[in-house]
Amino acid sequence: MTDFTHIRCEEFPWTAEAVYLNAAGIGPLPERTRRAVEEFTRLRAAPHRLPDRTLFATLAESRRLAARLINAEPEEIALATNTSYGINLAARSLPLERGDLVLASDREFPANVYPWMALAERGIGLELAPTTPDGWPDEDFLVERIADPRVRVLAVSLTQFSNSYTVNLARLSAAARATGTFLVVDAIQALGQMPVDVRATPVDLLACGAQKWLLSPWGSGFVYVRRELLRALPPADVGWLAYEGTDDFTRLTRYEPTLRSDGRRFELVTLPFQDFAGMNASVGLLLELGIETIRRHLAEVTAPVLEWADRRGVRLASPRGPRGSAILCVELPDVGTAYRKLREAGVFATVREGSIRLSPHLYNTPEELARVAAVLDGAL
Ligand SMILES: Cc1ncc(COP(=O)(O)O)c(C=O)c1O
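Asker: Quick question: what am I supposed to make of the overall build of the protein chain here?
Answerer: Helix and strand counts for the protein chain stand at 12 helices and 12 strands. Computed over C-alpha atoms, the radius of gyration of the protein chain comes to 21 Å, within 12% of the 21 Å expected from 2.2 N^0.38 for 380 residues, which places it in the range of a compact globule. Projected onto its principal axes, the C-alpha coordinates of the protein chain cover approximately 70 × 55 × 35 Å. Classification of the 380 residues of the protein chain by burial places 57% in the buried group. Of the roughly 16000 Å² that the protein chain leaves accessible, carbon and sulfur atoms contribute 52%. Of the side-chain charges in the protein chain, 43 are positive and 48 negative, and the distance between the mean point of each set is 2 Å.

Now the structure itself:
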């Protein structure tokens, strides 16, 4: 059995003084990650201690771990400094033409909207699909709408930032395959809290910053591009290591003509090595624990708030069951007061789109969430 209590004490010692419920905002760094970044930075201070092979082995390990996380191959991974890089790559590199449409759901996080909006100057439209009365992506509508051949891209967050709705990826994947629509997924609110398998549920491109549920430094993240699409997709921004043979620093001005056939063709070097060293430590920890084990732990952690909401007739903006996640969005008559009371009680949550957003991770406990429910009860 996984000893989450031990990990909480060892890796997140500050949990003794605060109830942190904002993994959906900023994921805390495990102690091993803080040490890894510090150690890397210590070496960096005297760069002769950091040989090139250490630098590039660090990035290779990041690609390997990112691939394991989603059941992809390391060759399908490009490291990136945020989610936006991947969404922009999709928007600018997919073969879209004047008159084409991109379909996204209304209320998506702006990182998954603006890069598509920016295509207007090329005559490519963005259609924002109305959400359901609950404010969730309307999957029936999305599936119906991609049958229109003008809709060339379906862009979705796997898990919504403001209401936790988690799309049925298997359904959207099958529908997109059937219509030949590109499926682009923003996975930043999902990866690390739930299993994702791009072999079982194919997507064309998946973008993920590692700074939230992957508990990694700002400046780390990655893009997955489906193998069959890799070679067809030109990089939107061209890095100097994107070409075959450019690892050989003795021949830099040969200006090799052939783009790499793997994900490195999309990498915009120089990347923040120390942050990827940190990401390796964090993703290593998550994989050691097992993402499915973390998901089950989170179901136990969130249960007290769900029970309280049921008992007191409090509405959640976030779905229950398979369309939900560990993010709970609580609707209260006076969100401001509730937020203040939480802070007074040492609870760090946040407010998004009018709800209190609670986003616990592996270091939280059911007891903490029971306390949170009691505080929220006092704000009814
Ligand atoms: C769904 C979603 N996408 C993207 C981001 C952040 O994008 P980036 O990693 O480019 O800062 C957030 C977080 O704030 C988010 O909730």
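Asker: Is there a simple way to explain the sheet that holds strand β11 (residues 350-352) in this structure?
Answerer: In a beta sheet, neighbouring strands are held together by backbone hydrogen bonds and run either parallel or antiparallel to one another. Pairing within the open sheet is antiparallel, and its three strands lie in the order β9-β12-β11. Each edge of the sheet is formed by a strand with only one pairing partner; in this case those strands are β9 (328-330) and β11. Between one strand and the next, the sheet's axes are offset by a mean angle of 40 degrees, whatever the strand orientation. Two elements, β11 and strand β12 (residues 355-358), share three bridges in a ladder whose sense is antiparallel. Bridge pairing links T350 to R357 in β12. Helix-sheet contacts for helix α10 (residues 291-312) involve β9 and β12, and the interaxial angle to β9 is about 25 degrees. Packing of helix α11 (residues 335-344) onto the sheet brings it into contact with β11 and β12, and relative to β12 it is tilted by some 35 degrees.

Asker: So what exactly am I meant to see when it comes to the packing of aromatic side chains here?
Answerer: One pair of aromatic rings is described through two measures. These are the centre distance and the angle between the planes. According to the stated counting rule, one finds nine aromatic pairs in the structure shown. Here the aromatic rings of W14 and Y20 are separated by 6.0 Å at their centres, their planes lie at 85 degrees, and the arrangement is edge-to-face. Under the relative-accessibility criterion, W14 is labelled partly exposed at 24%. Site record: aromatic cluster; members linked through ring pairs are F12, W14, Y20 and Y363.

Asker: Got a minute to help me understand the pairing of strand β6 (residues 182-186) in this structure?
Answerer: Strand residues, when the strand is regular, have side chains that alternate between the two faces of the sheet. With five of five residues buried, β6 lies mostly within the body of the structure. Side-chain alternation along β6 places F182, V184 and D186 on one buried face and L183 and V185 on a second face that is also buried. Crossover handedness for the path strand β5 (residues 151-157) to helix α7 (residues 169-179) to β6: right-handed. Bridge count for β6 against strand β7 (residues 205-209) is three bridges, and the pairing is parallel. Pairing of V184 across the sheet is with L205, part of β7.

Basis of the calculations
Residues numbered from 1 in each chain as written. Predicted model: local features only at pLDDT ≥ 70, side-chain atom pairs only at ≥ 80, totals over all residues. Heavy atoms only, no water. Helix = DSSP H or I, 4+ residues; strand = E, 2+ residues; numbered from the N terminus. Rg over C-alpha atoms; globule rule 2.2 N^0.38 Å. Buried < 20%, exposed > 50% of the residue type's maximum accessible area, 1.4 Å probe, protein only. Areas by Shrake-Rupley, 256 points an atom, 1.4 Å probe, with all protein chains shown as cover. Lys, Arg positive; Asp, Glu negative; His and termini not counted. Charge placed at Lys NZ, Arg CZ, Asp CG, Glu CD. Pairing = 2+ DSSP bridges. Axes fitted to C-alpha atoms, helices over the stretch in contact; angles between N-to-C directions. Contact = heavy atoms within 4.5 Å. Phe/Tyr/Trp six-rings, centres within 6.5 Å; stacked < 30°, edge-to-face > 60°. Right-handed = clockwise from strand over helix to strand, strands pointing away.

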